[in-house]
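Below, each chain spelled out in residue letters.
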Amino acid sequence: MKEKLIQAVIWPLKHGDQFQRFKGTPPRGVLLYGPPGCSKAMMAEAVATEASLNFINVEVCSGN
């Protein structure tokens, strides 16, 4: 999982010129899903910290 996140987030930032040279398009975003407590936010925060990016955790609440 960590390697996939690094490829989707950090590689386009560090190697953007190669994406353009090979006419590839980097991913536009990453959707993490799963039950509560399975470390989704922790993984996203770790990758953001490694890439020197800001991390904003958005929680969706049901209308119940």
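Here is a short report on the structure shown in this document. Remember, it's a predicted structure, so these values are computed and weren't measured experimentally. (Residues numbered from 1 in each chain as written. Predicted model: local features only at pLDDT ≥ 70, side-chain atom pairs only at ≥ 80, totals over all residues. Heavy atoms only, no water.)

**Side note on the overall build of the protein**
- Regarding its fold elements, the protein presents three helices and zero strands.
- For the protein, whose C-alpha radius of gyration is 14 Å, the value lies well above the compact-globule estimate of 11 Å for 64 residues.
- Overall, the C-alpha framework of the protein stretches about 50 × 20 × 20 Å when taken along its three principal axes.
- Burial statistics for the protein: of 64 residues in total, 12% are counted as buried.
- Here the contacts in the protein between residues at least 6 apart in sequence split such that 44% fall between residues at least 24 apart.
- Accessible surface computed for the protein: about 5700 Å², of which carbon and sulfur atoms make up 56%. (Helix = DSSP H or I, 4+ residues; strand = E, 2+ residues; numbered from the N terminus. Rg over C-alpha atoms; globule rule 2.2 N^0.38 Å. Buried < 20%, exposed > 50% of the residue type's maximum accessible area, 1.4 Å probe, protein only. Contact = heavy atoms within 4.5 Å. Areas by Shrake-Rupley, 256 points an atom, 1.4 Å probe, with all protein chains shown as cover.)

**Some words on a nonpolar patch on the surface**
- A cluster of nonpolar side chains, Ile56, Val58 and Val60, forms an exposed patch at the surface whose accessible area comes to about 390 Å².
- Along the chain, the position of isoleucine 56 falls in the segment after α3 (40-50).
- A relative accessible area of 70% means that isoleucine 56 is categorised as exposed. (Patch = residues over 30% accessible without salt bridge, like charges linked within 9 Å, V, L, I, M, F, W, Y side chains within 5 Å. Salt bridge = Lys/Arg side-chain N within 4 Å of Asp/Glu carboxyl O.)

**Some thoughts on the nonpolar core**
- Core analysis: the largest hydrophobic core is formed by five residues, namely Leu5, Ile6, Ile10, Val47 and Ala51.
- Per-element accounting of this core gives the leading share, three residues, to helix α1 (residues 2-14).
- What leucine 5 contacts, discounting residues up to four positions off in sequence, is Ile10, Val30, Leu32, Met43 and Val47. (Core = buried A, V, L, I, M, F, W, Y, C linked by side-chain atoms within 4.5 Å.)

**Remarks on the packing of α1 against α3**
- With their axes 10 Å apart at the nearest point, α1 and α3 run at an angle of 50 degrees to one another. The pairing of α1 with α3 is recorded here as oblique in orientation. For the crossing formed where α1 meets α3, the hand is right-handed. Between α1 and α3, the contacting residues are Lys2, Leu5, Ile6, Val9 and Ile10 on the first element and Met43, Val47 and Glu50 on the second.
- Residues of the contact of α1 with α3, tallied by class, amount to six nonpolar, no polar and two charged. (Axes fitted to C-alpha atoms, helices over the stretch in contact; angles between N-to-C directions. Parallel < 35°, antiparallel > 145°, perpendicular 65-115°, else oblique. Left-handed = near helix turned anticlockwise from the far one by under 90°. Nonpolar A, V, L, I, M, F, W, Y, C, P; charged D, E, K, R; others polar.)

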